[in-house]
Structures are given as C-alpha cells and as structure tokens.
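Structure assessment
Here is what each chain is made of, one letter per residue.
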Amino acid sequence: MANGTLENLSHSSFVRTPPALGARLFQTLLSFDALLSNDDPAQKLITVLDPAAGEGDLLLPLLELPHREFVHCSAIEISAERAFIARTRLTALAPTLYPTAFEIG
C-alpha cells in the first residue's frame, strides 16, 4: 500500500526511473552476446519483470536491442493510466502488462 506525504499518495507513490539508469541496468546485468552465441533457440529467451512499471521507463532501453525478439517482458502497474502508457510505449516488445498491485498476488 502506498504511504507517505499527501503529494506522494496523490501520485500512487509513482517515481519515474531515470532513462540513464534503465539503460545502465540492462548494459550491466544482461550479457546478450553470451546468450546469442548459443545455437539452441530454447535457451535464447530472457524474461524481464518490472514489478512497478509506471510508464515503462525501465523496460524502454530494451527497444534499442538488436535481438529484442529473445526478450519476454512482463510488467505490473497499479495505475490503469500508467499501464496504458507503458503498453503503448512498449508495443514493439509485446509486453504482458498486469494493471494491478503486485502486493495483492
């Protein structure tokens, strides 16, 4: 459940991920060269989950990947408006987007 100041609550505790941080995370944590060197297509799929997707900022750098067909994205966002924006921005990734609170699951 969201908590904090009234201003924070009015935005459902939404804090945008800085684009540079999203790009840095994927450059640092994922080794796509090692993944793509494997000849077995079943081992080429990477799944990424963003449990607080907002407007899709964290997953946005994945659109720049040359082999994004090997990435399956899932995201959770409590705000229906932000979930819609994320789905629209990330259409090329075909994300599975759940408009709900992940704490409920």
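Structure: see above.
Residues numbered from 1 in each chain as written. Predicted model: local features only at pLDDT ≥ 70, side-chain atom pairs only at ≥ 80, totals over all residues. Heavy atoms only, no water.

**Structural notes on the nonpolar core**
Our working rule: Here, the term nonpolar core denotes a set of buried Ala, Val, Leu, Ile, Met, Phe, Trp, Tyr and Cys residues that are joined through side-chain atoms within 4.5 Å. Relative accessible area decides the class of each residue, using a 1.4 Å probe on protein chains only: under 20% of the type maximum gives buried, over 50% gives exposed, and in between gives partly exposed. Secondary structure elements follow DSSP: runs of H or I of four or more residues count as helices, runs of E of two or more count as strands, with numbering from the N terminus. Residues are treated as being in contact if the distance between any of their heavy atoms lies within 4.5 Å.
By size, the foremost hydrophobic cluster in this structure holds 17 residues, and its most contacted members are Phe26, Val48, Leu59, Leu62, Val71, Cys73 and Leu93. Counting residues per element, the ones that place at least two in this core are strand 1 (46–50), strand 2 (71–76) and helix 4 (80–89). By residue number, the principal contributor to this core is strand 2, which donates three residues. Not counting the four nearest positions on each side in its chain, Leu59 is found in contact with Phe26, Val48, Asp50, Cys73, Ser74, Ala75, Leu90 and Leu93.

**A word on the sheet that holds strand 3 (residues 96–98)**
The strands making up a sheet are joined through hydrogen bonds of the backbone, oriented either antiparallel or parallel. Stated formally: By this definition, two strands are paired if DSSP reports at least two bridges between them. Working convention: axes come from line fits to C-alpha atoms, limited for helices to the stretch in contact. Angles between N-to-C directions cover 0 to 180 degrees.
Pairing is parallel across the open sheet formed by three strands, whose spatial order is 1-2-3. Strands at the two margins of the open sheet, each flanked by one partner only, are strand 1 and strand 3. When the angles between neighbouring strand axes are averaged without regard to direction, this sheet yields 15°. Relative to strand 2, strand 1 is paired through five bridges, and the arrangement is parallel. Residue pairing across strands places Val48 opposite Cys73, the latter belonging to strand 2.

**A look at the environment of Pro95**
Following the sequence through the fold, Pro95 ends up in the loop between helix 4 and strand 3. For the pair Pro95 and Cys73, spaced 22 residues apart in the sequence, the C-alpha separation amounts to 4.8 Å. Apart from the residues within four sequence positions on either side, Pro95 is in contact with Cys73 and Leu90.

**Here's the deal with the pattern of salt bridges**
Rules: By definition, a salt bridge exists where a carboxyl oxygen of Asp or Glu is found within 4 Å of a side-chain nitrogen of Lys or Arg.
Applying the stated criterion to the full structure yields two salt bridges. Here Asp57 makes a salt bridge to Arg89, at a shortest N to O gap of 2.7 Å. Note that Asp57 is positioned in the loop between strand 1 and strand 2 and Arg89 in helix 4, a separation of 32 residues in sequence. Here Glu77 makes a salt bridge to Arg82, at a shortest N to O gap of 3.3 Å. Considered together, Glu77 and Arg82 belong to a single accessibility category, that of buried residues.

**Focus: the pairing of strand 2**
We apply this condition: Crossovers are described as right-handed under a simple rule: with the strands pointing away from the observer, the path leading from the first strand over the helix to the second runs clockwise.
Counting buried residues along strand 2, five of its six residues qualify, which places the element largely inside the surrounding structure. Pairing geometry for strand 2 and strand 3, over three bridges, is parallel. Along strand 3, the bridge assignment pairs Ser74 with Thr96. You can see the chain leave strand 2, run along helix 4 and come back into strand 3, and the turn it takes is right-handed.

Such coordinate-based values are descriptive only and should not be taken to indicate function.
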